[in-house]
Amino acid sequence: MTPDQDLRAAAVHYLRQWEVRDYATMRSLCTETATVWHNDGSGDQPIDENMELLRRLAADVDTLRYDVVRQFQDGDEVLQQQVLHLAMTDGSRSEVHAAMYFRFDGGLIDRIEEYFNVVPVNQPLPSSGSTGQR
């Protein structure tokens, strides 16, 4: 495996650990000062606060699975497009379509940025109009 493949694999490995809820391994893949940013307007978050948020979110999740659509790497940075499939304990399902950026320092994740949109998958989409409205 090349160094570039190692960082791309490390980004995916981090996500796979959330699938199995192995927060200790997730945390071990990050620097002590790692930060996380989401496009929800809340600003930067220390990695330990983010781990606690992920734990709380997973409490209502039956299963979660990531599909990595594609990855790009430039030096110590990895950008990937992904879809997180969620099956909730109440039976609802959703997908989180996201672009995720990882910056590495010494082979460890030092910064994560995630741009995401949640899409319910078992609810009908809004209609753009019926044939009776033409």
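Heads up: the structure comes first, above all this text.
Figured I'd write up the structure that's included with this text. What you see is a predicted model; the values in this text were computed from it and never measured.

A closer look at helix 3 (residues 47-58)
Side chains three or four residues apart in an α-helix point the same way, a direct result of the helix having 3.6 residues per turn.
Thinking step 1. For helix 3, spanning 12 residues, the distance from its first C-alpha to its last is 16 Å, which sits close to the expected 16 Å at 1.5 Å a residue.
Thinking step 2. Of the residues making up helix 3, those classed as buried are I47, N50, M51, L54 and A58. The arc enclosing the buried residues of helix 3, seen along the axis, measures out at 105 degrees, which places them on a common side.

Quick word on the environment of E77
Thinking step 1. Mapping E77 onto the fold places it in strand 4 (residues 77-88).
Thinking step 2. With near-sequence residues (within four places) excluded, E77 lies in contact with F72, Y101, F102 and R103.

A look at the packing of aromatic side chains
The relative placement of two aromatic rings is captured by the distance of their centres and the angle of their planes.
Thinking step 1. Within this structure, the stated rule accounts for 4 aromatic pairs.
Thinking step 2. With 6.5 Å between their ring centres and 50 degrees between their planes, W18 and Y66 make a pair best called tilted. On the criterion of sequence distance, the pair formed by W18 in helix 1 (residues 3-19) and Y66 in strand 3 (residues 61-74) is long-range, its members being 48 residues apart. By the burial criterion, W18 is buried, and Y66 matches it.

Structural notes on the pattern of salt bridges
Thinking step 1. Tallying each qualifying case throughout the model produces 8 salt bridges.
Thinking step 2. Salt-bridge contacts for R111 lead to D44; the nearest nitrogen and oxygen are separated by 3.1 Å. Of this pair, R111 sits in strand 6 (residues 108-120) while D44 sits in strand 2 (residues 44-46), placing them 67 residues apart in sequence.
Thinking step 3. R111 sits in the buried class, given a relative accessible area of 12%.
Thinking step 4. Of the charged contacts, one joins E113 and R111 as a salt bridge, the two residues approaching to 2.8 Å between their closest N and O atoms.
Thinking step 5. A single salt-bridge network, built from bridges that share partners, covers R27, E32 and D48.

The rules behind each value
- Residues numbered from 1 in each chain as written.
- Predicted model: local features only at pLDDT ≥ 70, side-chain atom pairs only at ≥ 80, totals over all residues.
- Heavy atoms only, no water.
- Helix = DSSP H or I, 4+ residues; strand = E, 2+ residues; numbered from the N terminus.
- Expected span 1.5 Å × (residues − 1).
- Buried < 20%, exposed > 50% of the residue type's maximum accessible area, 1.4 Å probe, protein only.
- Arc of directions from axis to C-beta.
- Contact = heavy atoms within 4.5 Å.
- Phe/Tyr/Trp six-rings, centres within 6.5 Å; stacked < 30°, edge-to-face > 60°.
- Salt bridge = Lys/Arg side-chain N within 4 Å of Asp/Glu carboxyl O.

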